[in-house]
Amino acid sequence: MKRLPIPEDVTGEEIDKAVRQELQSLPKTLAEDVAKNLVMVARLLDEDPEQAYGYSQVALRLASRVAAVREAAGFAAYGAGKYGEALKEFRAARRMTGSAELWPVMADCERGLGRPEKALAMAGEPEVQKLDRAGQVEMRLVAAGARRDMGQTEAAVVTLQSPELASSAVHPWTARLRYAYADALLEVGREGEARDWFARALEADQAGTTDASDRLAELDGVQFTDALDEDADQDTDGAAGDAESGKGSEKAE
């Protein structure tokens, strides 16, 4: 079995306590190896999904009967755009735990596989009622995305209208919900409202998970100069004896 390099600073103790408890069913050395690979999955999932997927496959070969491993493999496959494989792993994890927690991401895998109708049907299943508030918001986001996939843009706007959207309270999902609503509004031509909601998304986006600021600037007609390009233009102008290059820098309006 091919192993991937593990940095010396990774001990395996960094993983969630609940996952460590799951791994206690394994022999000690094996549990440590699996834990280290799961830490690498978590570290790389956002910045290098393909590499994260590689580590998840090592963990999966070592401990395929551990629900946390199947779930991690599912998220790694999902991040790498391998939606069929991700769905298989999520289903396996769900069978092991009986939890509905993965239902929204399973539905989003159906979207990724080009089956928005299936994703929309899942939004109406009893499992949704078992989700916590954050999970129900995720399901709403997936359902709205499925509506847009099907060309039902007005329905997508309506789908996102909810008490969570109207609330002034800020939660980890607030920025993404407001952003999705703004984007849906823009698609149906309600530009003024869209701008307001992009602004509200930006207010809630303390972690910088969306590009709401860029979307606002775009709507306001603001253009930004790439400093590197500007420097390159100046160097070219100098080498040409201060001749006009015809590429005047653009300033933010």
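All figures in this text were calculated on a predicted structure; none of them were measured in a lab.

Participant: Residues and numbers for the overall build of the chain, please.
Facilitator: Helices and strands together make up the secondary structure of the chain, namely 14 helices and 0 strands. What you see in the chain, going N to C, is helices and strands ordered as α-α-α-α-α-α-α-α-α-α-α-α-α-α. Within the chain, contacts between residues at least 6 apart in sequence are counted, and of these 54% link residues at least 24 apart.

Participant: Talk me through the pattern of salt bridges; I want residue IDs and the actual numbers.
Facilitator: Taken as a whole, this structure holds 18 salt bridges when the rule is applied. For glutamate 32, the salt bridge is made with lysine 28, and the minimal N-O distance between the two is 2.7 Å. Pair noted here: glutamate 32 and lysine 28 are both in helix α2 (residues 28-44), with a separation of 4 residues, about one helical turn. Residue classification places glutamate 32 among the partly exposed residues on the basis of a relative accessible area of 34%. A residue is classified by how much of its surface remains accessible, and lysine 28, at 64% relative accessible area, is exposed. The salt bridge involving glutamate 89 is made with arginine 70; its shortest N-O contact spans 2.5 Å. Of this pair, glutamate 89 sits in helix α5 (residues 83-97) while arginine 70 is found in helix α4 (residues 67-79), placing the two residues 19 residues apart along the sequence. Arginine 70 shares its class with glutamate 89; the two are buried. Taken together, the shared-partner salt bridges in this structure form one network comprising Arg148, Asp183, Glu187 and Arg215.

Participant: Describe the confidence of the model for the chain, and please don't skip the residues or the numbers.
Facilitator: For the chain, the mean per-residue pLDDT works out to 90, and 87% of the residues sit at or above 70. Segment residues 238-253 is flagged for pLDDT under 50; beyond a separation of four residues in sequence, or across chains, it makes 15 contacts in the model.

Participant: Residue-level account of the side chain of glutamate 127, with values.
Facilitator: Counting through the fold element by element, glutamate 127 comes out in the loop between α7 (116-122) and α8 (133-149). According to the relative accessible area criterion, glutamate 127 is buried, its value standing at 15%. With residues near it in sequence (within four places) discarded, glutamate 127 still touches Arg94, Ala100 and Trp103.

Participant: Any chance you could break down the nonpolar core for me, citing the residues and the numbers?
Facilitator: Of all hydrophobic cores here, the largest spans 49 residues; its most connected members are Leu23, Val34, Leu38 and Val69. Breaking this core down by element, the ones donating at least two residues are α1 (17-23), α2, α3 (49-62), α4, α5, α6 (103-112), α7 and α8. Ranked by the residues each element gives to this core, the list is headed by α2, at 8 residues. Setting aside residues up to four positions removed in sequence, leucine 23 forms contacts with Ile15, Ala31, Val34, Ala35, Leu38, Val66 and Val69.

Participant: Run through the layout of surface pockets, naming residues and quoting values.
Facilitator: Within this model, the largest pocket holds a volume of roughly 1400 Å³. Taken together, 46 residues line the largest pocket, and the ones lying closest to its centre are Phe75, Tyr78, Val105, Glu138 and Arg176. Listing elements by their share of the lining of the largest pocket, those giving two or more residues are α1, α2, α4, α6, α8 and α11 (174-187). Ranked by residue count, the leading element in the lining of the largest pocket is α8, at 8 residues. Residue composition of the lining of the largest pocket, by class: 27 nonpolar, 5 polar and 14 charged.

Criteria and thresholds
- Residues numbered from 1 in each chain as written.
- Predicted model: local features only at pLDDT ≥ 70, side-chain atom pairs only at ≥ 80, totals over all residues.
- Heavy atoms only, no water.
- Helix = DSSP H or I, 4+ residues; strand = E, 2+ residues; numbered from the N terminus.
- Contact = heavy atoms within 4.5 Å.
- Salt bridge = Lys/Arg side-chain N within 4 Å of Asp/Glu carboxyl O.
- Buried < 20%, exposed > 50% of the residue type's maximum accessible area, 1.4 Å probe, protein only.
- pLDDT = per-residue confidence, 0-100.
- Core = buried A, V, L, I, M, F, W, Y, C linked by side-chain atoms within 4.5 Å.
- 1 Å grid on protein atoms, 1.4 Å probe; cavity = no way out; pocket = protein on both sides within 12 Å on 5 of 7 lines; lining within 4 Å.
- Points joined across faces, edges and corners; volume = space filled by probe spheres on them.
- Nonpolar A, V, L, I, M, F, W, Y, C, P; charged D, E, K, R; others polar.

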